[in-house]
Amino acid sequence: MNLPLERLVPWTLARSIWASQFQLLKGHDLANSLLPRICSEKTISFGQSGLAFKDNSLVKAAKKGFAIPQLSKFLRSPFTSTAALRLVIKVGQIHQNGWRKPGNAKVLLSAALEATVTYMNFHPGCVDLFVDHPNSSIGVGSEKEGVFMTICRINSQPWALEHKAIKKQSTATLIFSSDQAACFSAVGNLDHMLAAGDGQIQLRGQIPLLEKFGYASRVVRRELPSQHE
Amino acid sequence: MNRKKSDTWFKRAGQVIPGGIYGHVAPAAGLPRSFPHYCKQAKDCRFTDLDGNEWLDFMCGFGAILHGYLNPKVEEAVENQRLRGSVFNQPSTLMVELAERMVEAIDFADWAVFAKNGSDLTTWAIRVAREKSGREFIIKAKGAYHGVDAWCDPGLGGRIPSDREKILEFKWNDFDHLSDLVKKRRDQVAGIILTPYHHAAFAPSEMPANGFWQETQNLCKSEGIALILDDVRTGGRLHDSGSHKYFNFTPDMAIYSKALGNGYAISACLGSEGFRSSACDVFLTGSCWNDALSMAAANTSFELSQINGVASYIQKMGNFFSSKLEILTANYGVPLKMTGPPSMPYPFIEDDSNLYKIQKFCQSCAEEGLYFHPHHNWFLGSSHSESDLNEALERVEIALKRYKLDM
């Protein structure tokens, strides 16, 4: 996919929303109902629902918590669009108000990891970081559950977020001591260096890959609008 | 292992120091919950952390300690100078003595300058090379560490593209690649900066291939390129008079630091006559760079190495330790290999490209009070005796039993 740089931020937001929603409905038929698609006229649509946002509306939604979708598309299939919008709102509420709740850790992490993966695939500076890591994976999990998500790439193809552990040993693993630590990390409220030192996160395997991943995630944090600033 | 005080201080540090502890000693670079955050005191090859845990050390302050922590002769020299002062408006004569001592011992050198860190002088040396040749490009080996400056640092932040526009990289030991780079930039390459062998972090060390140094030296000579030896990490541990002697080649300039002051911050760049004039034209200074305490330490430390043949001794001890360690671990089915020179071996376990096994092994050893780094070469010093090394091997055996159970 060829993504113009000026569309990277809204596209990353859309991918994050979808990743959170996928985690919310994991295993359900509707798990992919917000899979985003990049459209012309600087619009991004979510699944087959008819729900679509202008790029700048998505950015506004991330900053303010609210934005108006493309009404013409919305009204073409109002029922599915409304259902989709509800899902987006639910994801937004979790990010806005529920980020301290340990039960939301995976939903929050899904968004954060997907955002980083999107930057690893499209942001020129981040793409360059991973040139030397063609076949690599990072397992993410908690002490309680072990690895439950994996970021991986095969043969220099794009990086992808899997919402599960993969069979092969990960190149590196990032394990949170608690769901609370995972929540804080997902919204950028965990100092990665301190957390590694005090045991809130455990880093194992190819540490340089984790350092690059961590740096990419901080580039995302710097560039993406957020209500947690 | 008790780490209560260490954790408390780390928490305090996190309030006022970005990351708490940064750089090569940042917790994430090692084994954060196995290694202590802070040290309290050290003597010879052992140190005590803040919580009173005692460690048998194999990092020697990441190489800065060559003659053992608190070496009595070095400390005496420093103490004598301390009574007279440390930093003055002018340098002390200790600086001249140190320059004379080093120039006499290091065969290619006709002059010496001093600073505090390796980076101060690796960066300065490439500028001297540029000044002499009027050329812009510098060649280095990919993955080699030459310091914290933007042209070479291994970090990720704070860089702009122009920082490295004039830096070319080749794969260590690939002379054809190096030669191609020079040909493509004929009359544009000012210097080639290399470590004596390739000691990248997170990877086994690579010794130079047969003929690599000779070919590189010849290439530099024929193309008018300065050959700069970064002997910062290795200086004093391969040969008492510079690591080029160990590998039998002649650099134009060489930088020494880590072990030079046995724990007192000092670095030195030594160069051949042909570079003296350019050296005068590249500005070099620092308020505390003439510090007489570190000059006193370096004079004594360098003299100790020359008199006692320290490099040979630690090579011998390193050989003893590495070979015994490989045999011991093999007996437990752990294919540990010690790479690089025996005085500063880098450990890796076969079939462990992702490093989980070496991390677990070093973690098990840490529980026995052994400071074995999983991602960085270890350092031996003259204070490591055969008895210390045998004690370490006994502790490794206990650790191996636990390691096998855990794996």
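Below, the structure is looked at part by part. Note that this is a predicted model, so its numbers are computed, not measured.

1. Here we look at the overall build of chain A
Thinking step 1. Counting its secondary structure elements, chain A contains 9 helices and 8 strands.
Thinking step 2. In terms of overall size, chain A behaves like a compact globule, its C-alpha atoms giving a radius of gyration of 17 Å where 229 residues would be expected to give roughly 17 Å.
Thinking step 3. Projected onto its principal axes, the C-alpha positions of chain A cover 50 × 35 × 35 Å.
Thinking step 4. Across the 229 residues in chain A, those meeting the buried criterion constitute 52%.
Thinking step 5. Considering only intrachain contacts with a sequence separation of at least 6, the fraction spanning at least 24 residues in chain A is 61%.
Thinking step 6. Working note: accessible area of chain A is about 10900 Å², and carbon and sulfur atoms make up 54% of it.
Thinking step 7. Here chain A carries 26 positive and 16 negative side-chain charges, and the mean point of each set is 7 Å from the other.

2. What about the overall build of chain B?
Thinking step 1. In terms of helices and strands, chain B carries 12 helices and 13 strands.
Thinking step 2. Its C-alpha atoms give chain B a radius of gyration of 21 Å, near enough to 22 Å, the size a compact globule of 407 residues would have.
Thinking step 3. C-alpha atoms of chain B, sized along the principal axes, occupy 60 × 55 × 45 Å.
Thinking step 4. Looking at chain B residue by residue over its 407 residues, the buried ones come to 57%.
Thinking step 5. Entry remark: accessible area of chain B is about 17200 Å², with carbon and sulfur atoms responsible for 50%.
Thinking step 6. Charge centroids of chain B, computed over 43 positive and 49 negative side chains, lie 4 Å from each other.

3. Details of a nonpolar patch on the surface
All names here are of chain A.
Thinking step 1. On the surface, a nonpolar cluster with roughly 460 Å² of combined accessible area is contributed by Phe66, Ile68, Leu71 and Leu75.
Thinking step 2. Locating Leu75 in the fold gives a position in helix α3 (residues 71–76).
Thinking step 3. Owing to a relative accessible area of 59%, Leu75 belongs among the exposed residues under this scheme.

4. Examining the sheet that holds strand β6 (residues 160–162) of chain A
Residues and elements named next belong to chain A.
Thinking step 1. An order of β6-β5-β4-β7-β8 is seen for the 5 strands of this open sheet, with the pairing classed as mixed. The outermost strands of the open sheet, each flanked by one partner alone, are β6 and β8 (201–205). Neighbour to neighbour, the strand axes of the sheet diverge by 20 degrees on average, direction disregarded.

5. Considerations on helix α12 (residues 386–406) of chain B
All names here are of chain B.
Thinking step 1. The end-to-end C-alpha distance of α12, which contains 21 residues, comes to 30 Å, matching closely the 30 Å that a straight helix rising 1.5 Å per residue would cover.
Thinking step 2. For α12, the set of buried residues is Asp388, Leu389, Ala392, Leu393, Arg395, Val396, Ala399, Leu400 and Tyr403.
Thinking step 3. In this fold, the buried residues of α12 make contact with β2 (46–49), β3 (54–57), α10 (310–331), β12 (346–349), α11 (356–366) and β13 (370–371).

6. So, the interface of chain B and chain A
Thinking step 1. Facing 23 residues of chain B, the contacting portion of chain A comprises 23 residues.
Thinking step 2. Between chain B and chain A, roughly 1900 Å² of surface is buried when both sides are summed, and carbon and sulfur atoms account for 60% of that area.
Thinking step 3. Of all residues in chain B, Leu156, Asn354 and Tyr356 of chain B give up the largest surface area on contact with chain A, accounting jointly for 34% of the area buried on that side.
Thinking step 4. Counting every contact that joins chain B to chain A gives 1 salt bridge.
Thinking step 5. Asp132 of chain A is paired through a salt bridge with Lys142 of chain B; the nearest N and O atoms lie 3.3 Å apart.

7. So, the environment of Glu394 of chain B
Residues and elements named next belong to chain B.
Thinking step 1. With respect to the secondary-structure elements, Glu394 resides in helix α12.
Thinking step 2. By relative accessible area, which is 56% here, Glu394 ends up exposed.
Thinking step 3. Sequence separation of Glu394 and Leu328 is 66 residues, and the distance between their C-alpha atoms is 9.6 Å.

8. Comments concerning the packing of aromatic side chains
All names here are of chain B.
Thinking step 1. Scanning all chains against the criterion turns up 23 aromatic pairs over all chains.
Thinking step 2. Ring geometry for Trp55 versus Tyr371: centroids 5.7 Å apart, planes at 70 degrees, classification edge-to-face. A residue pair is termed long-range when its members are at least 10 positions apart, and Trp55 in strand β3 and Tyr371 in strand β13 qualify at 316 residues.
Thinking step 3. Look at Tyr371 and you get buried, because its relative accessible area is 12%.
Thinking step 4. Seen from their ring centres, Trp172 and Phe212 are 4.9 Å apart, and the 50 degrees between their planes marks the pair as tilted.

9. Considerations on the pattern of salt bridges
Thinking step 1. Tallied over the entire structure, the rule returns 25 salt bridges over all chains.
Thinking step 2. With its nearest N and O atoms 2.7 Å apart, the salt bridge here joins Arg7 of chain A to Asp55 of chain A. Taken as a pair, Arg7 of chain A in the segment before α1 (8–24) and Asp55 of chain A in helix α2 (residues 55–64) lie far apart in primary sequence, 48 residues in all. Accessibility classification places Arg7 of chain A together with Asp55 of chain A in one group, the buried group.
Thinking step 3. Put simply, Arg402 of chain B and Glu367 of chain B hold a salt bridge, and the shortest N to O gap is 3.5 Å. With Arg402 of chain B in helix α12 and Glu367 of chain B in the loop between α11 and β13, this residue pair connects regions lying 35 residues apart in the sequence.
Thinking step 4. Overall, Arg402 of chain B belongs to the partly exposed group, its relative accessible area being 23%.
Thinking step 5. Connected through shared salt-bridge partners, Arg46, Asp388, Glu391 and Arg395 of chain B make up one network.

10. Digging into the side chain of Thr123 of chain B
Residues and elements named next belong to chain B.
Thinking step 1. Examined against the element boundaries, Thr123 turns out to sit in helix α4 (residues 118–133).
Thinking step 2. By relative accessible area, Thr123 is classed as buried at 17%.
Thinking step 3. With residues up to four places along the chain from it excluded, the contact list for Thr123 reads Asp149 and Trp151.

11. A few points about the packing of helix α2 (residues 72–82) of chain B against helix α9 (residues 292–308) of chain B
Between two packed helices, what matters for the description is the angle formed by their axes and the separation of those axes.
Residue and element names in this part refer to chain B.
Thinking step 1. Put simply, α2 and α9 touch, their axes get as near as 8 Å, and they point 150 degrees apart. The pairing of α2 with α9 is recorded here as roughly antiparallel in orientation. Of the two possible hands of crossing, α2 and α9 adopt the one that is right-handed. Counting all contacts with α2, which are made through Lys73, Val74, Ala77, Val78, Gln81 and Arg82, the residues of α9 involved are Ala292, Leu293, Ala296, Ala297, Thr300, Ser301 and Leu304.
Thinking step 2. Residue composition of the contact of α2 with α9, grouped by class: 8 nonpolar, 3 polar and 2 charged.

12. With respect to the nonpolar core
Thinking step 1. Residues Met102, Phe361 and Phe372 of chain B are the most contacted members of the largest nonpolar core, which totals 160 residues.
Thinking step 2. Residue contributions to this core peak at 10 residues, all from helix α5 (residues 105–122) of chain A.
Thinking step 3. Once residues lying within four places of it in the same chain are set aside, the contact partners of Phe361 of chain B are Thr329, Leu336, Ile349, Phe372, Val396, Leu400 and Tyr403 of chain B.

Each value, and the rule that gives it
Residues numbered from 1 in each chain as written. Chains lettered and ligands numbered in written order. Predicted model: local features only at pLDDT ≥ 70, side-chain atom pairs only at ≥ 80, totals over all residues. Heavy atoms only, no water. Helix = DSSP H or I, 4+ residues; strand = E, 2+ residues; numbered from the N terminus. Rg over C-alpha atoms; globule rule 2.2 N^0.38 Å. Buried < 20%, exposed > 50% of the residue type's maximum accessible area, 1.4 Å probe, protein only. Contact = heavy atoms within 4.5 Å. Areas by Shrake-Rupley, 256 points an atom, 1.4 Å probe, with all protein chains shown as cover. Lys, Arg positive; Asp, Glu negative; His and termini not counted. Charge placed at Lys NZ, Arg CZ, Asp CG, Glu CD. Patch = residues over 30% accessible without salt bridge, like charges linked within 9 Å, V, L, I, M, F, W, Y side chains within 5 Å. Salt bridge = Lys/Arg side-chain N within 4 Å of Asp/Glu carboxyl O. Pairing = 2+ DSSP bridges. Axes fitted to C-alpha atoms, helices over the stretch in contact; angles between N-to-C directions. Expected span 1.5 Å × (residues − 1). Buried area = accessible area lost by both parts, 1.4 Å probe. Phe/Tyr/Trp six-rings, centres within 6.5 Å; stacked < 30°, edge-to-face > 60°. Parallel < 35°, antiparallel > 145°, perpendicular 65-115°, else oblique. Left-handed = near helix turned anticlockwise from the far one by under 90°. Nonpolar A, V, L, I, M, F, W, Y, C, P; charged D, E, K, R; others polar. Core = buried A, V, L, I, M, F, W, Y, C linked by side-chain atoms within 4.5 Å.

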